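# Commentary on secondary and tertiary structure
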Amino acid sequence: MLFNSYPFIFVFLPIVLAGYYLIGGQGHHRIAAVWLVAASLFFYGWWNPAYLGLIMGSMLFNYAVGVSLLGSNRVLAKKVLVFGIIANLSLLAYYKYANFLIDTTNKIFKSDFNLATIILPLGISFFTFLQIAYLVDTYSKKARQYNFLNYCLFVLFFPHLIAGPLVHHREILPQFAKNTTYVFNYRHFTAGFAIFVIGLFKKVVLADSTTVYATTTFNLAESGVPLTLAAAWGGAIAYSFQLYFDFSGYSDMAIGLSKLFGVRLPMNFNSPYKSTSIIEFWRRWHITLSRFLKDYLYIPLGGNRKGKTRQLLNLLITMTIGGLWHGAGLKFILWGAIHGCLLIINNLWRNLNSFLNQKLKLNSFFSTALTFAVVTAAWVPFRAASMKGTLIMWHGMFGLNGVMLPPSWQEKLGALSPWLLEHNVRFVRLFEQVGAVKVVDILWFLLLTYCVFFLPNTQQLMRRYRPVYEKSISYQAENTQLLWRPTIIWSLIMAGLFFYSVLGLSRISEFLYFQF
């Protein structure tokens, strides 16, 4: 069941909300919690009822391991923890990587091993990592014992179940322990619905309407068509925007849905394309995954405690594994390794700046543009269906298939023009280029650019209502007075966005992060 679907919006959500507050409002908090767990199981089982046994078995196993960790001495607890982590990773490896490993083995050794196609259960990466974090925290005495019902709420709460954010137990369970959480709150409800509508609009209108631009370009690359500089960059930027609004939209919808139940989820997305460096980008993009990789992989590997060389190696390892987490394929490993290398370069640049007292500090506009360009180029293997398509896209993005410039530049460049013509540069009008660009396309991309780089994000817009589980300073907006309030004007705006978005629900469109 998709957040952006008629059954979810008009049937499932109203029934679950009504039952939750009718039961909880009478003081029956445990029954309300059971109702929410049952609803979340129904939500998950809607995709494929066969996998209900998988997620329930995973929860029973990890809860039992957690209980064992609390009741064991340090030596035994460490062995139990290792066993628990290996078991979780083995389950994830089987469903997510078994076919990839078999196919890779067959290609390398020219063998003919066969394995029945394994369908990836939705959300397995998220609920597996979430529970691994719980086991590690339990071993480190950062988590206390919870009853099984509370543990089920922690894992199954449907707003974050399928694609995050990756929550910590200490972020969500104390909220369900409060009596006020089960009592209807107008302030929470109106803010939550507004956030949900903004996310729905981002997904259905902005992200899905941009899909065609990216799909067309990447399909051309896969078919071997050489792309010009403008065409390649246009398709890559289209995918950057599509992924941005798709993931941002999902994050908003998850936060908004949780807010409807009086619960705040952690921030997962904070205007990442406004970043002035790759380091800052990973503090803003998929924030909870970055936090997980840092706390449970980068730091245990040694972090920055074992010298600069080891720190840079740890960054590369962490990001490569982070890439593999996104999917079973060499393209995801390549994407992760690219970002690992970019983080290394960014760290070395910062060290050079520190050594030179920041004499090489770049203009913020240039830094943001450069970061966005690098991130966009790095998205190519993430999106492309093959390495062939990736290389053709990169070939075009680096201008190796030809560059087109406005005719007015030819005279201005003077004696340089003949040399450029000899090196595959053409002077043509914009609308005479291959795959002529329409005015509406240009306006659409300008609108998306304005939304991404100049408008406040949803958390900043809703900052008065503290929509996420973060300190308020983390989502303060700079240089803007735009602020959502439950006024008639804002109500009309939200009603318009909701109505327009609902009109687009006739076409089924899954969130891009569901495949991970």
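Because the structure is predicted, anything quoted here is derived from the model rather than measured. (Residues numbered from 1 in each chain as written. Predicted model: local features only at pLDDT ≥ 70, side-chain atom pairs only at ≥ 80, totals over all residues. Heavy atoms only, no water.)

### Regarding the overall build of the chain
When you go through the chain residue by residue, the secondary structure sums to 21 helices and two strands. Oriented by its inertia axes, the alpha-carbon framework of the chain measures out at about 80 × 60 × 55 Å. Every one of the 516 residues in the chain was classed for burial, and the buried ones make up 52%. Contacts in the chain between residues far apart in sequence, at least 24 positions, make up 72% of those at least 6 positions apart. Of the roughly 24300 Å² of accessible surface on the chain, a fraction of 66% belongs to carbon and sulfur atoms. (Helix = DSSP H or I, 4+ residues; strand = E, 2+ residues; numbered from the N terminus. Buried < 20%, exposed > 50% of the residue type's maximum accessible area, 1.4 Å probe, protein only. Contact = heavy atoms within 4.5 Å. Areas by Shrake-Rupley, 256 points an atom, 1.4 Å probe, with all protein chains shown as cover.)

### A word on helix α1 (residues 6-24)
With 19 residues, α1 extends 26 Å between its outermost C-alpha atoms, agreeing within 8% with the 27 Å of an ideal straight helix rising 1.5 Å per residue. Phe-12 marks the point of greatest bend in α1, at about 35 degrees, and the proline Pro-14 comes within the next four residues. Of all the positions in α1, only Phe-8, Ile-9, Phe-12, Leu-13, Val-16, Leu-17, Gly-19, Tyr-20, Tyr-21 and Gly-24 are classed as buried. (Expected span 1.5 Å × (residues − 1). Bend = angle between axes of the 7 residues up to and from the residue.)

### A look at a nonpolar patch on the surface
A cluster of nonpolar side chains, namely Tyr-6, Phe-10, Val-11 and Ile-15, defines an oily patch on the protein surface of about 370 Å² accessible area. Tracing the chain through its elements places Ile-15 in helix α1. (Patch = residues over 30% accessible without salt bridge, like charges linked within 9 Å, V, L, I, M, F, W, Y side chains within 5 Å. Salt bridge = Lys/Arg side-chain N within 4 Å of Asp/Glu carboxyl O.)

### Topic: the confidence of the model for the chain
Looking at the chain, pLDDT values average 88 and 92% of them are 70 or higher. Confidence over residues 430-436 falls short of pLDDT 50; this stretch has nine contacts with residues more than four positions distant or in other chains. (pLDDT = per-residue confidence, 0-100.)

### Focus on the pattern of salt bridges
Counted by the stated rule, this structure contains six salt bridges. Of the charged contacts in the structure, one is a salt bridge between Asp-246 and Lys-203, with a shortest N-O distance of 2.6 Å. One end of the pair, Asp-246, is in helix α10 (residues 229-260); the other, Lys-203, is in helix α9 (residues 186-222), with 43 residues separating them in the sequence. Lys-203 carries the same exposure label as Asp-246, and that label is buried. What emerges from the salt-bridge pattern is a single network uniting Lys-203, Asp-208 and Asp-246.

### What about unusual backbone geometry?
At Lys-141, a position not held by glycine, the phi torsion is positive, near 65 degrees. Phi at Ser-271 is positive, roughly 45 degrees, even though this residue is not glycine. By relative accessible area, Ser-271 is classed as buried at 3%.

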